Amino acid sequence: MTESLVHSVNWNIDYKVNLGRAWSRFLVSLRDDRVILGTTCGSCDKTYVPPQAYCEACYEPMDAWVEVPPTGTLEAATIAQHAFQGGPPAPYAIGAIALDGTDTLFIHLISGIDLSDQENARTLLRRGTRVRAVWSQERTGSIRDIDHFAPVG
Amino acid sequence: MRNHAAVAGVGLTATTSPGRQTASKTELCQEAVDRALAHSGLRRAEIDAVVVGNIDGFEATSTAGRTIVPALGLAPGTSVYIVNTGGTTGGGVFNLAASLVRGGEAERVLCVGPSTFDGPVDLQAVINTALPVAMEQPLGIDGVHVGGMFAAAYQSRYGVADEVLELCAAQQREHAAKNPYAHIRKPLPPETAATPITTPLTLGMVCPVSSGATAVVVTTETIARRLDRNPVVRIAAYGSVADTHLGTGRHDFSSCEVLALLADRIYKDAGIMDPRRELDVLEIFSPYAPMQLILLEDLGMCGRGEAPHLVRDGSLHVDGDLPTNLSGGPHSTNPGVAAQLAPVAYIALQLMGQAAGGVQVAEARRGLAHSTGSAWWQFHTLAILEKTE
């Protein structure tokens, strides 16, 4: 049996992505006003956060912008114990949040509790937990202008 | 009368971890293709189209599929098709082959499911790139977190204990132990299996990174009959579906609504009224073992929240009334596109009466193969195979 060789290959490539009108307005509003904006479909009345230019259910253009409160109810969360290259340091929690007044689940980081005690944290992040957005000090027009959502009350 | 597409032969390689693999991806594909052709009785020169799967980002090249095809010894001028739909690439390869045959574009199509995950040093960092740019990539989400979110949502909605999730893993590993093509064939030591990954998933519930390849030969039912090598397995119905890309577009993580829609459509195509009773064997794509619960419900095998009963009462074993993932599924063997094509291969072997490892379902006449993947399990494919007389 000959020796089995393995070569290391590295790609390091930068990209630029146009976020478009809907997402630009959403992120600028997070950055400048600390306000979460959604779009509402005039046909089916669903409110989307992040906003979308067209309703995914009706394919109607959505130009009705609404301000959404920075509060919601946790539908589900997962507490990650391992970091990966480019991701946040572990442990960290990702949640699916039903923001008040919306029809979508907003995905974001959940923090503000002790995540190192996994079983206790699971209880604190159970379905139905009320959460509120915690804003970043430095805001750059990114989804992380909301640093995380934290359980309230 | 329609000349249906049929499975003429399948080829699976042994699987191992990428670190122990001595063959290149191309060499693995050559081996799988050799086996599939030998199994079918077709010669290389008779192949008139090849469909190969590829998932962007997992290879140290942007043209992986295309680099494999010229090494397969096919006739010059053979049509080449590349499928690239994330976690359903393997299922999509098979569906496209069936479409080419049904539509009369080709008569003998080779499906190639390469080994996808051998390369990346940090696989989860690559999977993160499948998440929506700007909105979800920056949140530290990778494949296993998607699996965790669905499992957590299902668990909290229906009050399912961790023990049920562990049982899902144990049963699939029990099946893998008998499958000569499976990667993880021994249970992990309990303390290793209990290592937290992302709640509620532990190491024992998540798939390994595997290396191996799968190939399948699809032809017309007439040619399959003429070849007379294997019982003829008709591709009775197949299809694919996509959900929204954003996790934030969903309303619920305790089910995959689009899979239920797809299942309704293809059951109708296959003339199936009662899937639980009329399907003899299933291979469903659950790299995170508890996914099985959600998928079984979406596929209409039981009501919402009832799948834990199927796991607890032994229905999913070879002697149960709904044998599921007798191969061990991708939870025990996950070489990427090869694993997504494998459900079709295992179902075809069951219907041919050639299942390896003592897991042959008695009188299996009809089976279902599923694959899913991409961000938040956005895509799904299904195929229903039937043994014809």
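Residues numbered from 1 in each chain as written. Chains lettered and ligands numbered in written order. Predicted model: local features only at pLDDT ≥ 70, side-chain atom pairs only at ≥ 80, totals over all residues.

Draft legend 1. Region of interest: the overall build of chain B. Summing up its helical and strand segments, chain B has 13 helices and 11 strands in all. Seen through its principal axes, chain B has C-alpha atoms that stretch 55 × 45 × 40 Å. For chain B, the proportion of its 389 residues judged to be buried stands at 62%. Counting contacts in chain B only where the partners sit at least 6 residues apart, residues at least 24 apart contribute 79% of the total. (Helix = DSSP H or I, 4+ residues; strand = E, 2+ residues; numbered from the N terminus. Buried ≥ 20, exposed ≤ 12 C-beta atoms within 10 Å, placed from the backbone. Contact = placed C-beta atoms within 7 Å.)

Draft legend 2. Inspection of the overall build of chain A at higher detail. Within chain A, the secondary structure is distributed over 2 helices and 8 strands. Going residue by residue from the N terminus, the α and β elements of chain A occur as α-β-β-β-β-β-β-α-β-β. Its C-alpha atoms give chain A a radius of gyration of 19 Å, clearly above 15 Å, the size a compact globule of 153 residues would have. Its C-alpha atoms give chain A principal-axis dimensions of about 70 × 40 × 30 Å. Counting the 153 residues in chain A, one finds 35% classified as buried. Across chain A, the fraction of contacts at a sequence separation of at least 24, relative to all contacts at a separation of at least 6, is 46%. (Rg over C-alpha atoms; globule rule 2.2 N^0.38 Å.)

Draft legend 3. Summary view of the interface of chain B and chain A. Every contact between the two is made by 33 residues of chain B and, on the other side, 38 residues of chain A. Sorting the residues of the side of chain B that touches chain A by element identifies helix 4 (123-128), helix 5 (143-158) and strand 5 (196-198) of chain B as the ones contributing at least two each. When residues of the side of chain B that touches chain A are assigned to their parent elements, the largest contribution, 7 residues, is made by helix 5 of chain B. Within the side of chain B that touches chain A, the residues separate by chemical class into 14 nonpolar, 14 polar and 5 charged. (Nonpolar A, V, L, I, M, F, W, Y, C, P; charged D, E, K, R; others polar.)

Draft legend 4. Layout of the sheet that holds strand 3 (residues 64-68) of chain A. All names here are of chain A. Read from one edge of the open sheet, 3 strands run 2-1-3, paired in antiparallel fashion. The sheet terminates laterally at strand 2 (47-48) and strand 3, the two strands that pair on one side only. Judged from the 2 bridges that link them, strand 1 (residues 36-40) and strand 2 form a sheet pairing that is antiparallel. Considered in strand 2, the bridge of Thr40 is made with Thr47. (Pairing = 2+ DSSP bridges.)

Draft legend 5. Spatial organisation of helix 1 (residues 25-40) of chain B. All names here are of chain B. Under the 1.5 Å per step criterion, the end-to-end length of helix 1 is 22 Å for 16 residues, consistent within 8% with the ideal 22 Å. What helix 1 keeps buried is the set Lys25, Leu28, Cys29, Gln30, Ala32, Val33, Ala36, Leu37, His39 and Ser40. Residues of helix 1 that are buried sit in contact with strand 1 (5-12), helix 2 (64-68), strand 4 (108-113), strand 7 (214-220) and helix 8 (221-227). Looking one or two residues beyond helix 1, the residue adopting positive phi is Gly41, at roughly 85°. (Expected span 1.5 Å × (residues − 1).)

Draft legend 6. Representation of the environment of Asn95 of chain B in the model. Residue and element names in this part refer to chain B. Looking at the element boundaries, Asn95 is found in helix 3 (residues 89-102). By C-beta crowding, Asn95 is classed as buried, having 26 other C-beta atoms within 10 Å. Sequence-wise, Asn95 and Cys207 are 112 residues apart; in three dimensions their C-alpha atoms are separated by 25 Å. Leave out the neighbours within four places in its chain, and Asn95 touches Tyr238, Ser240, Thr381 and Ala383.

Draft legend 7. Here's a closer look at helix 6 (residues 162-176) of chain B. Residue and element names in this part refer to chain B. Given a rise of 1.5 Å per residue, 15 residues ought to cover 21 Å, and the 21 Å separating the end C-alpha atoms of helix 6 matches this to within 8%. For helix 6, the set of buried residues is Leu165, Cys168, Ala169, Gln171, Gln172, Arg173, His175 and Ala176. The secondary structure elements touched by the buried residues of helix 6 are helix 5, helix 11 (291-298) and helix 12 (307-312).

Draft legend 8. Expanded view of the nonpolar core. Residues and elements named next belong to chain B. Within the largest apolar cluster, 166 residues are counted, with the highest numbers of intra-cluster contacts made by Val51, Ala97, Cys111, Val216, Val218, Ala348 and Leu385. In terms of residues, this core owes the most to one element, helix 13 (residues 337-352), which gives 13 residues. What Ala348 contacts, discounting residues up to four positions off in sequence, is Val7, Val10, Val233 and Leu385. (Core = buried A, V, L, I, M, F, W, Y, C linked by C-beta atoms within 7 Å.)

Draft legend 9. Expanded view of the sheet that holds strand 3 (residues 79-83) of chain B. Residue and element names in this part refer to chain B. The strand order across the open sheet formed by 9 strands is 3-2-4-7-1-8-11-10-9, and the pairing between neighbours is mixed. Edge strands, defined here as strands with exactly one partner in the open sheet, are strand 3 and strand 9 (281-283). This sheet shows a mean twist of 25° between the axes of neighbouring strands, independent of strand direction. Looking at chain direction, strand 9 and strand 10 (residues 366-373) are connected through 3 bridges and run parallel. Of the residues in strand 10, the one forming a bridge with Val281 is Gly367. Packed onto the sheet, helix 9 (residues 257-270) meets strand 8 (233-242) and strand 11 (379-387) and runs at close to 150° relative to strand 8. Taken strand by strand, helix 13 contacts strand 1, strand 2 (49-53), strand 4, strand 7, strand 8, strand 9, strand 10 and strand 11, and its axis lies near 175° from that of strand 10. (Axes fitted to C-alpha atoms, helices over the stretch in contact; angles between N-to-C directions.)

Draft legend 10. Layout of the packing of helix 5 of chain B against helix 11 of chain B. Residues and elements named next belong to chain B. Taken N-terminus to C-terminus, the directions of helix 5 and helix 11 make an angle of 70°; their axes are 9 Å apart at the nearest point. Overall, the two elements helix 5 and helix 11 adopt an arrangement that is roughly perpendicular. Taken as a pair, helix 5 and helix 11 cross one another with a handedness that is left-handed. Facing Gly147, Phe150 and Tyr154 of helix 5, the residues of helix 11 in contact are Met291, Leu293 and Ile294. Its residues assigned to classes, the contact of helix 5 with helix 11 shows 5 nonpolar, 1 polar and no charged. (Parallel < 35°, antiparallel > 145°, perpendicular 65-115°, else oblique. Left-handed = near helix turned anticlockwise from the far one by under 90°.)

Draft legend 11. Spatial organisation of the packing of helix 3 of chain B against helix 13 of chain B. Residues and elements named next belong to chain B. It is the contact of helix 3 with helix 13, at a shortest axis distance of 6 Å, that shows an interaxial angle of 50°. If you check the angle between helix 3 and helix 13, you find them oblique. The interaxial crossing formed by helix 3 with helix 13 has right-handed handedness. Taking contact as the criterion, the partners of Thr89, Gly90, Gly91, Val93 and Phe94 in helix 3 are, on helix 13, Val337, Ala338, Ala339, Gln340, Leu341 and Val344. Its residues assigned to classes, the contact of helix 3 with helix 13 comprises 7 nonpolar, 4 polar and no charged.

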